[in-house]
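Tertiary structure, described
Each chain, written out:
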Amino acid sequence: ILSLLGMYIVYVLSYWLSDTKFCSTWLYKGLLRNSFGLYLYSDPINYVLLAISATCFGNFAFTTNVGVVIMFLLRFAVTLTGAYRVSVSIRKIRIKYLV
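Concerning the packing of aromatic side chains
Counting across every chain of the model gives 2 aromatic pairs. A ring pair is formed by phenylalanine 22 and tyrosine 28, whose centres lie 5.5 Å apart and whose planes are at 65°; its orientation type is edge-to-face. Judged by relative accessible area, phenylalanine 22 falls into the partly exposed class, the value being 31%. Seen in terms of ring centroids, phenylalanine 36 and tyrosine 39 are 6.3 Å apart; in terms of plane orientation they differ by 35°. Their pairing is tilted. Placement of the pair is phenylalanine 36 and tyrosine 39 together in helix 3 (residues 35–57), with a separation of 3 residues, close to one helical turn.

Written out as structure tokens, the structure is:
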């Protein structure tokens, strides 16, 4: 039942969002244009970030509440920004995608 409720909520939010002016903003168009790159390049950046965090901060980053929140926010921001930049850079040098 919870899965069906989750699917319904996502559908309603998507439908509501499609009726707003957000779909014509530069942010939405940038995310839409680079969505495959965000999907493809965010995981490798995430693994590098996890390895660096484990080396530099040890257990603090993964076992304390503060460390977990910082890691969550940092991983979201860094992987999104990094994958977006990689995707835009690859498009600028006219490569379809790198696998």
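Let's talk about the packing of helix 3 against helix 5 (residues 65–92)
The interhelical angle for the contact between helix 3 and helix 5, taken along N-to-C directions, is 135°, at an axis separation of 8 Å. Accordingly, the angle class assigned to the pair helix 3 and helix 5 is oblique. Note that helix 3 runs across helix 5; the crossing there is right-handed. On the side of helix 3, the interface is formed by Gly37, Leu38, Tyr41, Ser42, Ile45, Asn46, Leu49, Leu50 and Ser53, while helix 5 contributes Met71, Leu74, Arg75, Val78, Thr79, Leu80, Gly82, Ala83, Tyr84, Val86, Ser87 and Ile90. When grouped by side-chain class, the residues that make up the contact of helix 3 with helix 5 number 13 nonpolar, 7 polar and 1 charged.

Things to note about the environment of alanine 54
By the element assignment, alanine 54 lies in helix 3. With relative accessibility at 39%, the residue alanine 54 sits in the partly exposed group. With 23 residues separating them in the primary sequence, alanine 54 and leucine 31 have C-alpha atoms 30 Å apart.

Rules behind the numbers
- Think of each chain on its own: its residues are numbered from 1, step by step along the sequence as written.
- This being a predicted model, a pLDDT of at least 70 is required before a residue's local features are given, and a value of 80 or more before pairs of side-chain atoms are given or counted; all residues contribute to the totals for chains, interfaces and linings.
- The basis for every side-chain value is the complete set of heavy atoms in the structure, and neither hydrogens nor water enter the calculation.
- Only Phe, Tyr and Trp rings take part, Trp by its six-membered ring, and two of them pair if their centres are within 6.5 Å. Stacked means planes under 30 degrees apart, edge-to-face means over 60, and tilted covers everything else.
- Burial classes follow relative accessibility: with a 1.4 Å probe on protein chains only, a residue under 20% of its type's maximum area counts as buried, one over 50% as exposed, and anything between as partly exposed.
- A helix here means a DSSP run of H or I that spans at least four residues, while a strand means a run of E at least two residues long, and both kinds are numbered starting from the N terminus.
- Axis lines are fitted to C-alpha atoms, over the contacting stretch for helices. Their N-to-C directions set the angle, which ranges from 0 to 180 degrees.
- Each angle receives one of four descriptions, namely roughly parallel if under 35 degrees, roughly antiparallel if over 145, roughly perpendicular if within 65 to 115, and oblique otherwise.
- When the near helix sits turned anticlockwise from the far one by under a right angle, the crossing is termed left-handed; a clockwise turn instead gives a right-handed crossing.
- Contact definition: two residues touch when any of their heavy atoms are within 4.5 Å.
- Basically, the charged four are Asp, Glu, Lys and Arg, the nonpolar ten are Ala, Val, Leu, Ile, Met, Phe, Trp, Tyr, Cys and Pro, and anything else, Gly included, counts as polar.

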